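Architecture at a glance
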Amino acid sequence: MTGRIAKNLAEISSTALDLAGGRYPSFVYGVGIRPGQIPVFCFHSAEPDLFEPRLAFLAENGYATLTADEYLSVMRGEMTPPPRAVVLTFDDGWGSLWSIGYPILRKYGLKIVVFLIPGRIERRREYLPNLPDLEDGKCAPQDVFGRDSSEHPLLTWEEIAEMHESGLVDFQSHSYSHSLIARSPRIVDFVNPGMLRSCNLLELPHRARLGEPLYESAPRLSDVRQVTPPARIREECVSVVEAHGDGFFDAPDWRSKLWEVAQRHVIKADDLHVESQVEHSSAVWTELFGSRRLIEEHLPGKEVCHICYPWHVAGRTALKTAQEVGYRAGFMGKVDGRYYNRSCSEPFHAARIGGDFFFRLPGKGRAPMMRLLLGKLARRVRQGSPYLTH
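Residues numbered from 1 in each chain as written. Predicted model: local features only at pLDDT ≥ 70, side-chain atom pairs only at ≥ 80, totals over all residues. Heavy atoms only, no water.

As for the overall build of the chain
- When its secondary structure is counted, the chain shows 13 helices and 12 strands.
- Over its C-alpha atoms the chain spans a radius of gyration of 22 Å, differing by no more than 12% from the 21 Å that the globule rule assigns to 390 residues.
- C-alpha extents for the chain along the principal axes are approximately 65 × 50 × 45 Å.
- Within the chain, buried positions represent 50% of all 390 residues.
- Look at the contacts in the chain between residues 6 or more apart in sequence, and 74% of them connect residues 24 or more apart.
- By element, 53% of the accessible surface of the chain is carried by carbon and sulfur atoms, the whole surface being about 18,200 Å². (Helix = DSSP H or I, 4+ residues; strand = E, 2+ residues; numbered from the N terminus. Rg over C-alpha atoms; globule rule 2.2 N^0.38 Å. Buried < 20%, exposed > 50% of the residue type's maximum accessible area, 1.4 Å probe, protein only. Contact = heavy atoms within 4.5 Å. Areas by Shrake-Rupley, 256 points an atom, 1.4 Å probe, with all protein chains shown as cover.)

Side note on the packing of aromatic side chains
- As enumerated under the stated definition, the model contains 20 aromatic pairs in all.
- Aromatic side chains Phe57 and Phe359 sit 5.5 Å apart centroid to centroid with 85° between the ring planes, which places their arrangement in the edge-to-face category. With Phe57 in helix α2 (residues 51–60) and Phe359 in the loop between β12 (353–354) and α13 (369–383), the pair connects residues that are 302 residues apart, well separated along the chain.
- Phe359 sits in the buried class, given a relative accessible area of 17%.
- Taking 5.1 Å as the distance between ring centres and 90° as the angle between the ring planes, the aromatic pair formed by Phe248 and Phe249 counts as edge-to-face. Both residues of the pair, Phe248 and Phe249, belong to the buried class.
- Of the aromatic side chains, those joined through ring pairs into one cluster are Phe27, Phe41, Phe43, Phe51, Phe57, Tyr63, Phe90, Phe358 and Phe359.
- It is Arg54 that lies over the ring of Phe358; its NZ or CZ is 5.9 Å from the centre.
- Here the guanidinium or amino end of Arg106 rests over the ring plane of Tyr102, the centre of that ring lying 4.6 Å away. (Phe/Tyr/Trp six-rings, centres within 6.5 Å; stacked < 30°, edge-to-face > 60°. Lys NZ or Arg CZ within 6 Å of the ring centre and 35° of its normal.)

Things to note about unusual backbone geometry
- One non-glycine residue, His312, adopts positive backbone phi at about 60°.
- Tracing the chain through its elements places His312 in the loop between β10 (306–308) and α12 (316–324).
- Phi is positive for Asp336, close to 50°, though the residue is something other than glycine.
- Checked against the element boundaries, Asp336 lands in the loop between β11 (329–331) and β12.

Spatial relationships are all this shows, so hold off on functional conclusions.
Rendered as structure tokens:
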């Protein structure tokens, strides 16, 4: 808990310093959008109370939305942007983009860019409803509004195919698995049911098992080499949970029990495997090339040539490999201390601004800065930092 409080305070302080230092796009400060600067927003889910108001604001104020290819063409000087152009990017491919976002996109005819994690996407086992189904009385509100915390939180390939065919959703890569790697044998927490029902899902190993230790970590696409602790620790912790059945996590001291199991294992230097540079490069190549190939296999005729680096981190190996496997641009968060891009700037370091500042765009309905800052602060205090292990 102390670590989370420290992260929250650090992120709040960072936002204040960035604002004071002029690191946000000019429109945030009320001076309009400067020539050559196209706002690129970073979102995740299609929030029920915000998705349509954002699109309605854009439509009412004459904004145009660009695909990733169009944005790159503008930044390279190959295309003249339409007036008031913006880019709306969504990371991960959460299911609410189908249940809530897609019907609203069709209503307004605006475009978004979605960065997928194809290694985590599954085929549809059953049809999952969206807003039109709710309006027709075919499902309950929770079936639509609770998609991101359901058993099927991410988009399915069938939903992706239909959205792709509409021409309104530009699907690109967010790496193959959006994975983190252990950077040390220090255990931070254990996989538990609460994590599986939240966005912390992406901090977990793919197909993680309950009770599995979570180690201090780093993004796979960083230059950190993976450290692999002994498998016996993981297997014994998982076995303890399985032996106690579904009620294990109902006990208030469940975490202490798993700590006791883990601490029985003395880890020696010989017990740890640190990946070589060759192993590291191979893993990065798989994340970047594998993602591109799998999306293109499921969307025939689609060329995936843009990568959004998970956790907004890309090391030297990842940047070099991205170009080698055919990507033409890479998206991040803050770049070189700023949240905006200059015309013809480095395409593999495209900066994005968080959706908290969306309603600072010029136009009717623009929100006062103080209201947005207080809302951002309240969300941070209420939700806490999403990061557990890094």
